[in-house]
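Examining the three-dimensional arrangement
Chain by chain, the residues:
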Amino acid sequence: MDSSPIDSSSSSSTLSSPTSSPHSAAHDNQSRTLTLSQLEQCKVEERVFEIYRIFSDAPAHTQTLMVELWRDKHIEFLTRGFNQLGPSYHVLDANRPWLCYWILHSRALLSESIDTELENNTIDFLSRCKDKNGGYGGGPGQLPHLATTYAAVNTLVTLGSDAALLSINREELHSFLLRMKDSCGAFRMHTAGEIDVRACYTAISVASILNILDLELVTGLGDYILRCQTYEGGIAGEPGSEAHGGYTFCGLATMILINEVDKLDLSSLIDWVAFRQGVECGFQGRTNKLVDGCYSFWQGGSLFIIQRLLSIAHHQIKSSPISLKHLSVDGNADSASFTGRKPDRSPYQIHDFDGEEAGKISAIGLEFIKITNEGPLFHSIALQQYILLCSQVLEGGFRDKPGKQRDHYHSCYCLSGLSVCQYSFSKTADSPPLPNAVLGLYSNLLEPIHPLYNVVLEKYYKVQALL
Amino acid sequence: MSSEEDDEWVPFSRRSEWSDVKPVPQDDGPHPVVPIAYADDFRETMDYFRAVYFSDERSRRALDLTSEAIAMNPGNYTIWHFRRLVLESLHADLNDELKFINSVASKNSKNYQIWHHKRWLAEKLGPEAAEKELEFTKNILSIDAKNYHAWSHRQWVLEALGGWENELDYCNELLEDDIYNNSAWNQRYFVITRSPLLGGLQAMRESEVSYTVGAILSNPENESPWRYLRGLHKDDPDLLAHNKQVSGVCLQVLSAKHDVVFALSLLLDLLRHGFQPSLEFCGVVDALRSVSPELSSDPASLAGSICSILETVDPLRSNYWAWRRSHLP
Ligand SMILES: [Zn+2]
């Protein structure tokens, strides 16, 4: 290993140079012909390690500057996009509620409030994206779509005012979600659209945060997600596909929100996600793929969630291998419905509802966040280093990796991942972290999020109080 | 489409066949947020698209219009959805549609809409489409061997339309090119567990374990075959713990190099599932002792020691290994 990914002299750094890593092997094999995966990996490592070398050679005060979060620059980049986007953004013309969410959630993470005029404009714009029969489309007049519905609802939650929240017609929305529900238990993105785990998550997240989640929406869904957990441990977009960070977050969060997370094989899921953090200090999305800043949230956020589920994971490990056999990979697991609990079910559910209480499944979001966080399962400081040194763009915004362009999507998920890191040691959800949990100056600290929905925690409490 | 050869784009307002249609501007409101400074051709095409979409005009010219609009933004799912309605109403030639979608897909291979459209079309065309679809995804994968959508589509084609005959060979080919291609490993797992021609996981297990062990020994630092090896025993972890080839490859790799994280990690899982270290195993235990002198051959404390070693040799995951150590069964 010729370059240390983490500077051991940095005061807040705890990691010394890894002596063994999955990818460093590429360097040992120079004499042999490298495969394409190895070549691409080497190129990225070279680039990232050069940045870390400069960082570790720099004097302490320069290091502090290098890992500073450029708040003003980020707000400037975000606000500019919110007010006007150039012609090249026409490729995102069916994703405008997403642009609203990426930008306003990023700003909220940076504690930047929004003025009344901009807030009213946002509510007005999203109401034009709303379909008369429920659900939000990618722009005015477009077909309602689950992903943009999630983005629109999270935007309105992030605005947080009564006007924003009351602009959502929950009854219509519920009927839209039901129309998107497929007989296999999963959801379609839009009328006659594709079925996948993303559709499932966006439907359930919206229903849960708005307190309209019910048995009809839940039926059969857990078994579908279970069929998407792969032999590697992570979750795929569809049964049979490859384990993937984005879908793993979506599948895991969905299973928690519908109170069926104990059906997943959690120990193999944890193992798979933990191994996605690489020598570059950031996360990759899939095995043997390249590091990418957005997975700071999808993968880091998944582990952050699991830090509140360890008692369920422990139970699974203790009773293995017998219980693992019930967690069939081919989707033959029992299809216990939400009310009809089988007597041998794990006692380690987040909430033990009885029949009459079943309608209160939306309360899981609140219960979940009260569970004690048992501390990070990933290297939080290393990940902060990747986000701040490799993904952060000095002119504002964040990117996938050095050499790539910044964009609003990566800005949103790098910042969300950074928040997850900073609060990963905090036992309770909203207690301020200790200074050594935050890489760089304490002024880098972002707002905490509710990791199941990825909205700022305070905004989540607001919507719960109102609805 | 008006005429593909023309370099000059002719505005709809100057096309005689559209003279009866009133374009519908986007209802962005007086103070839109995230407004896009659309180029004129984009704005006008979308204005005419809205006109036919809102009036539900299922005509030949509407179909041509969707082709133009899709070329400008293939991510607009509303246009695709409307196009399918028009195609159905017109009973359009689906082979023409196949040519159209394949040309769009070749240029935009990472977009949900085009692959959903391909699936819709292939479903209508039926089993006769299987060969062409497999060929098409093969071409996309020859450019980007890890294209997630292409792999999902390929799996769907195999299950819905068939064409399994050469799939294992195809996986072999891709893995020969790049043994680190995890998508190809995943496809291999898909084939051996689901192909109706191979007899399923149990029938394939022995030969697959041998293949995987070979892959590990040639590249012990490649995570993919290590995960695949576990996957081959997913239905029966006891079998994993008692498969001599599995414990054998751990020993062989660790004898050559004591700090291979994937080998140590698999060993930990073997112990968890009841693996009893043999005499042969003790030789390697001796080597591990140099790292951590307190090791013993008692499986319970051996597992604890392996966690401790992993905390040292894999510092990026020291939190994870500490957690594993604190919850050994
Ligand atoms: Zn990314």
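Residue indices begin from 1 for each chain and proceed along its sequence in written order. A letter from A marks each chain and a number from 1 marks each ligand, given out in the order of writing. Totals for whole chains, interfaces and linings use all residues, but because this is a predicted model, local features are given only for residues with pLDDT of at least 70 and pairs of side-chain atoms are given and counted only at 80 or more. For the side-chain quantities, the full set of heavy atoms in the structure was used; hydrogens and water were omitted.

Which entries qualify depends on this criterion: UniProt positions are given in the numbering used here, feature names are shortened, and annotations may be inferred rather than shown by experiment.
Taking an unreviewed UniProt entry as the reference, chain B is identified by name as Protein farnesyltransferase/geranylgeranyltransferase type-1 subunit alpha belonging to Platanthera zijinensis. Per its UniProt entry, chain B bears the Function (unreviewed entry) comment "Essential subunit of both the farnesyltransferase and the geranylgeranyltransferase complex. Contributes to the transfer of a farnesyl or geranylgeranyl moiety from farnesyl or geranylgeranyl diphosphate to a cysteine at the fourth position from the C-terminus of several proteins having the C-terminal sequence Cys-aliphatic-aliphatic-X."

As annotated in an unreviewed UniProt entry, chain A carries the name Protein farnesyltransferase subunit beta and is attributed to Platanthera zijinensis. Entered under Catalytic activity (unreviewed entry) in the UniProt record, the comment concerning chain A runs "L-cysteinyl-[protein] + (2E,6E)-farnesyl diphosphate = S-(2E,6E)-farnesyl-L-cysteinyl-[protein] + diphosphate". Recorded in UniProt under Subunit (unreviewed entry), the annotation for chain A is "Heterodimer of FTA and FTB."

Thoughts on the overall build of chain A
Let me state the cut-off plainly: Numbering goes from the N terminus for both helices and strands, where a helix is a DSSP run of H or I of at least four residues and a strand is a run of E of at least two. Any two residues whose heavy atoms approach within 4.5 Å are treated as being in contact.
From N to C terminus, chain A includes 21 helices and four strands. In chain A, 71% of the contacts between residues at least 6 apart in sequence involve partners at least 24 apart.

With respect to the overall build of chain B
Using the following cut-off: The globule rule used here is 2.2 Å times the number of residues to the 0.38 power, and the radius of gyration it is set against is calculated over C-alpha atoms. Here the accessible surface of atoms and residues is derived via Shrake-Rupley with a 1.4 Å probe, and residues count as covered only by protein chains that are part of the display.
Looking only at helices and strands, chain B features 17 helices and zero strands. Against the 2.2 N^0.38 benchmark of 20 Å for 329 residues, chain B shows a C-alpha radius of gyration of 28 Å, more extended than a compact globule. Summarising its shape, the C-alpha atoms of chain B cover approximately 90 × 50 × 35 Å along the three principal directions. By sequence separation, contacts in chain B at least 24 residues apart represent 62% of the contacts at least 6 residues apart. Here chain B displays about 13800 Å² of accessible surface, and carbon together with sulfur accounts for 50% of that area.

Digging into the coordination of the zinc ion
Residues and elements named next belong to chain A. As a reminder, the rule being used: Here a donor is any nitrogen, oxygen or sulfur atom (N, O, S) within 2.8 Å of the metal, with 3.2 Å used for Na, K and Ca; water is not among the atoms considered, so some sites may look incomplete. Irregular is the label for any site that misses the other tests, which are tetrahedral for four donors with all angles between 85 and 135 degrees, and square planar for four donors or octahedral for six when opposite donors exceed 155 degrees and the remaining angles lie between 65 and 115. Throughout this description, buried means an accessible area under 20% of the type-specific maximum (1.4 Å probe, protein chains only), exposed means over 50%, and partly exposed covers the range between.
Around the zinc ion, the protein contributes the donor atoms Asp292 (OD), Asp292 (OD), Cys294 (SG) and His410 (NE2), which lie 2.0 to 2.5 Å from the metal centre. Each of the four donor atoms around the zinc ion contributes to a set of angles spanning 56 to 123 degrees, which defines the coordination as irregular. In primary-sequence terms, the residues that donate to the zinc ion follow D-x1-C-x115-H. Classification of Cys294 by relative accessible area gives buried; the value is 2%.

Details of the pattern of salt bridges
Note the following rule: Whenever Lys or Arg places a side-chain nitrogen within 4 Å of a carboxyl oxygen from Asp or Glu, that contact is recorded as a salt bridge.
Enumeration over the complete set of coordinates arrives at 39 salt bridges over all chains. Between Arg205 of chain B and Asp235 of chain B there is a salt bridge, with its nearest N and O atoms 2.8 Å apart. You can see Arg205 of chain B sitting in helix H10 (residues 200-218) and its partner Asp235 of chain B sitting in the loop between helix H11 (223-231) and helix H12 (237-242), a full 30 residues away along the chain. The exposure class assigned to Arg205 of chain B is buried, which follows from its relative accessible area of 10%. What makes Asp235 of chain B partly exposed here is its relative accessible area of 32%. Within this structure, Asp271 and Arg276 of chain A together with Glu223, Arg227, Arg230, Asp269 and Arg324 of chain B form a network of salt bridges that share partners.

What to know about the interface of chain A and chain B
The cut-off we apply is this: Buried area is a sum: the accessible area each of two parts loses on coming together, probed at 1.4 Å, counted once for each and added.
Facing the 93 residues of chain A at the interface are 77 residues of chain B. Here chain A meets chain B over a buried area of about 7500 Å², counting both sides, of which 52% is carbon and sulfur. Together, Arg96, Tyr231 and Phe275 of chain A form the three largest contributors to the area buried by chain A at its contact with chain B, with a combined 11%. Summed over the shared surface of chain A and chain B, the result is seven salt bridges. Taking the shortest distance from any N to any O, the salt bridge between Arg324 of chain B and Asp271 of chain A comes out at 3.6 Å.

What about the state of the cysteines?
Keep this limit in mind: Cysteine sulfur atoms are paired as a disulfide whenever they come within 2.5 Å of each other.
Taken as a whole and assessed by the stated rule, the structure comprises zero disulfides over all chains. Cys414 of chain A forms no disulfide, and the closest cysteine sulfur to it belongs to Cys294 of chain A, at a distance of 7.2 Å. According to the relative accessible area criterion, Cys414 of chain A is buried, its value standing at 0%. A disulfide-free cysteine, Cys307 of chain B has its sulfur positioned 14 Å from the sulfur of Cys250 of chain B, the nearest such atom. Classification of Cys307 of chain B by relative accessible area gives buried; the value is 0%.

Some remarks on the packing of aromatic side chains
Note the following rule: For this analysis, a ring pair means two rings from Phe, Tyr or Trp (six-membered ring only for Trp) whose centres lie within 6.5 Å, classed as stacked if their planes differ by under 30 degrees, edge-to-face if by over 60, and tilted for the remaining angles. Over a ring means this: the NZ of a Lys or the CZ of an Arg is within 6 Å of the ring centre and within 35 degrees of the ring normal.
Under the counting rule described, the total for this entry stands at 39 aromatic pairs over all chains. For the pair Phe49 of chain B and Tyr53 of chain B, a centre-to-centre distance of 5.4 Å together with 10 degrees between the ring planes defines the contact as stacked. Linking Phe49 of chain B with Tyr53 of chain B, this pair stays in helix H1 (residues 40-54), spanning four residues, or about one helical turn. Residue Tyr53 of chain B is classed as buried on the basis of its relative accessible area, which comes to 18%. The structure contains a cluster of three or more aromatic residues connected by ring pairs, namely Trp98, Tyr101, Trp102, Tyr150, Tyr201, Phe249, Phe297, Trp298, Tyr409 and Tyr413 of chain A. If you follow Arg308 of chain A out to its NZ or CZ, it ends over the ring of Phe304 of chain A, 5.9 Å from the centre. Here Arg61 of chain B stacks its cationic end above the ring of Trp18 of chain B, 4.7 Å away from the centre of that ring.

Thoughts on the confidence of the model for chain A
All names here are of chain A. Going by this rule: A residue's pLDDT is the predictor's confidence in that residue, given on a scale from 0 to 100.
For chain A, per-residue confidence averages 88 on the pLDDT scale, and 84% of positions sit at 70 or higher. pLDDT under 50 marks residues 1-29. Its contacts with residues more than four places away, or in other chains, come to 67 contacts. Across residues 321-347, confidence stays below pLDDT 50; counting only partners more than four residues off in sequence or on other chains, it has 52 contacts.

Thoughts on a negative patch on the surface
To keep it simple, the criterion reads: Nonpolar side chains (Val, Leu, Ile, Met, Phe, Trp, Tyr) are joined into patches within 5 Å and like charges within 9 Å, using only residues with over 30% relative accessible area and no salt bridge. In this tally Asp and Glu are treated as negative and Lys and Arg as positive; neither His nor the chain ends contributes. Lysine's charge is taken at NZ, arginine's at CZ, aspartate's at CG and glutamate's at CD.
A cluster of acidic residues, Asp169, Glu173, Glu176 and Asp177 of chain B, forms a negative patch on the protein surface. Assignment of secondary structure puts Glu173 of chain B in helix H8 (residues 167-177).

Here we look at helix H2 (residues 60-72) of chain B
All names here are of chain B. We apply this condition: For a helix, the expected span equals 1.5 Å multiplied by the number of residues minus one.
Relative to the 18 Å expected for 13 residues at 1.5 Å per residue, H2 spans 19 Å between its end C-alpha atoms, a close match to the ideal helical length. Counting buried residues along H2, ten of its 13 residues qualify, which places the element largely inside the surrounding structure. Taken residue by residue, H2 has Arg61, Ala62, Leu63, Leu65, Thr66, Ser67, Glu68, Ala69, Ile70 and Met72 as its buried positions. Turning to H2, the residues buried within the fold contact H1, helix H3 (77-90) and helix H4 (94-107).

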